[in-house]
Amino acid sequence: CNRIGVSCYTAPDQDRGQPLPQSDFYAIGPTFIFLLTAESPQKFYGKIPRGYGFKLENIPTIAPKLREVILRTTAAKPGDRFQTAQQLARALAACL
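Attention in this report is confined to the structure presented alongside it. (Residues numbered from 1 in each chain as written. Predicted model: local features only at pLDDT ≥ 70, side-chain atom pairs only at ≥ 80, totals over all residues. Heavy atoms only, no water.)

Some details on the overall build of the chain
- Within the chain one finds 5 helices and 2 strands.
- Scanning the chain from its N terminus toward the C terminus, one meets helices and strands in the order α-α-α-β-β-α-α.
- Taken over C-alpha atoms, the radius of gyration comes to 13 Å for the chain, in line with the 12 Å a tight globule of 96 residues would show.
- In terms of overall dimensions, the chain has a C-alpha envelope of 40 × 30 × 25 Å along the principal axes.
- Across the 96 residues of the chain, 34% fall into the buried class.
- With 12 positive and 7 negative side-chain charges, the chain shows a separation of 3 Å between the mean positions of the two kinds. (Helix = DSSP H or I, 4+ residues; strand = E, 2+ residues; numbered from the N terminus. Rg over C-alpha atoms; globule rule 2.2 N^0.38 Å. Buried < 20%, exposed > 50% of the residue type's maximum accessible area, 1.4 Å probe, protein only. Lys, Arg positive; Asp, Glu negative; His and termini not counted. Charge placed at Lys NZ, Arg CZ, Asp CG, Glu CD.)

Pasting the structure below:
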C-alpha cells in the first residue's frame, strides 16, 4: 500500500485513492482543530447524524463562524466542501 498522509488529516476520497483538488482543502480543517485545541483532531472525530465527521460544537476555542468553515472544509462529500481556494480564503477572512 502506497499512502501519503496522516490519519484524520486526509479526505475520505483521498483515502480511497480518488483525490480531487478539494481533497487538499480537507486537511486545513484538522490543522485548525489542532492549532486551536493543542490536541489531536482524532479526539473530536466520530459518529455524527450523517456518517462520520468532526464534533466541534463544545470546543470554546473555536468560534462559531470558524467552526462552520472547518466543518465545510471537512465535509465527507467533495461537492460539499469549498470548491476553490478563493472561496475558502473569503470564508476565513469573514471569520476575522
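With respect to unusual backbone geometry
- The backbone of Ala38 sits at a positive phi, close to 60°, despite the residue not being glycine.
- Relative to the helices and strands, Ala38 resides in the loop between helix H3 (28-37) and strand E1 (45-48).
- Residue class for Ala38 comes out exposed when judged on its relative accessible area of 64%.

A look at the pattern of salt bridges
- On inspection of all chains with the given rule, the structure shows 2 salt bridges.
- Of the charged contacts in the structure, one is a salt bridge between Arg81 and Asp13, with a shortest N-O distance of 2.6 Å. One end of the pair, Arg81, is in the loop between helix H4 (64-73) and helix H5 (85-93); the other, Asp13, is in helix H1 (residues 12-15), and 68 residues separate them in sequence. Taken as a pair, Arg81 and Asp13 share a single burial class, namely buried. (Salt bridge = Lys/Arg side-chain N within 4 Å of Asp/Glu carboxyl O.)

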